[in-house]
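Structural overview for review
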Amino acid sequence: MYFHKEYLDLILVPGGFLIIFSYHIFLLSKHLNDSDSTFIGLENKDKKQWVQTIVGVEAACDRAVNVISSNTAAATYLAAISLTLCSLIGTWLGRSSANDMFQSISIYGDTSSLTIFIKDISLLGCLLVAFSCFVQAARHLVHANYLMSSLDKKNHVKKLQFAVIKGADFWLFGIRALYFALIMVIWFFGPIPMFVSSILMVIILYYHDIYTVTLHNVYVEQETQKNILI
């Protein structure tokens, strides 16, 4: 029995997805058990402290509104880019010439019409998820802007923290969806590049997401110094 190159998509593509999903499950477990060792936990802690500091200083509220507005504009911009890419890719891939191009070039893998259709749907799905996440991020940040502009903002610190952190979470989900979309684009050039890029992306994300040295001691030292000064 001969091994056909079409079988590579059945082996390497699920393997690449398994590596990526396993890493994000590991990241979620790490965040839940030891949030200070992940960038998500540290950023959320920084945002909570930032909200408490800004709310306590009346003169800094205008600057805080500008910061939130900048983040809102960035989320809106990325949402527009994701939706534009969905439209362009959907229009371009809807033509038969686009599918014929991927079938004609030398790709070591499955180039059947069904596989190319799955690639198209997967790429569009990632971009639509990214668009939805960025829209939700903008929505929460707009709500945070309203709370920060309120005259009674000192009584809404918890709501403000929740809105800012939720906006950051949806921003993170949108960025990760774009990472998945990049993997989908590489899959068009064959299952081997897709599998290799999945491994490289997990390695890069690990050094970005996980802190080998837990940084919660920095916060402990800062609090200790404040207590000493007091």
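Report follows, based on the coordinates.

Quick notes on the rules
- Residues numbered from 1 in each chain as written.
- Predicted model: local features only at pLDDT ≥ 70, side-chain atom pairs only at ≥ 80, totals over all residues.
- Heavy atoms only, no water.
- Helix = DSSP H or I, 4+ residues; strand = E, 2+ residues; numbered from the N terminus.
- Buried < 20%, exposed > 50% of the residue type's maximum accessible area, 1.4 Å probe, protein only.
- Contact = heavy atoms within 4.5 Å.
- Areas by Shrake-Rupley, 256 points an atom, 1.4 Å probe, with all protein chains shown as cover.
- Core = buried A, V, L, I, M, F, W, Y, C linked by side-chain atoms within 4.5 Å.
- Phe/Tyr/Trp six-rings, centres within 6.5 Å; stacked < 30°, edge-to-face > 60°.

Now for the overall build of the chain. In terms of helices and strands, the chain carries eight helices and zero strands. The buried share among the 230 residues of the chain stands at 38%. The contacts in the chain between residues at least 6 apart in sequence include a share of 77% that link residues at least 24 apart. Counting only carbon and sulfur atoms, one obtains 67% of the accessible surface of the chain, whose full area is about 13600 Å².

Grouped together as the largest cluster of nonpolar side chains are 24 residues, with contacts concentrated most on Leu123, Leu127, Ile183 and Met184. If you list the elements that add at least two residues to this core, you get helix H1 (7–33), helix H2 (39–56), helix H3 (61–93), helix H5 (113–149), helix H6 (157–187) and helix H7 (191–209). Counting residues per element, this core draws most heavily on H6, which supplies six residues. Counting 16 residues, the second largest nonpolar core, distinct from the first, contains Val65, Leu141, Leu147 and Val164.

Applying the stated criterion across every chain, the model contains seven aromatic pairs. Measuring from ring centre to ring centre gives 6.5 Å for Tyr23 and Phe26, while their planes differ by 45 degrees; the resulting arrangement is tilted. Taken together, the residues Tyr23 and Phe26, both in helix H1 and three residues apart, mark about one turn of the helix. A residue is classified by how much of its surface remains accessible, and Tyr23, at 6% relative accessible area, is buried. Judged by its relative accessible area of 38%, Phe26 falls in the partly exposed class. Grouping aromatic residues by their ring pairs yields a cluster made of Tyr23, Phe26, Tyr206 and Tyr207.

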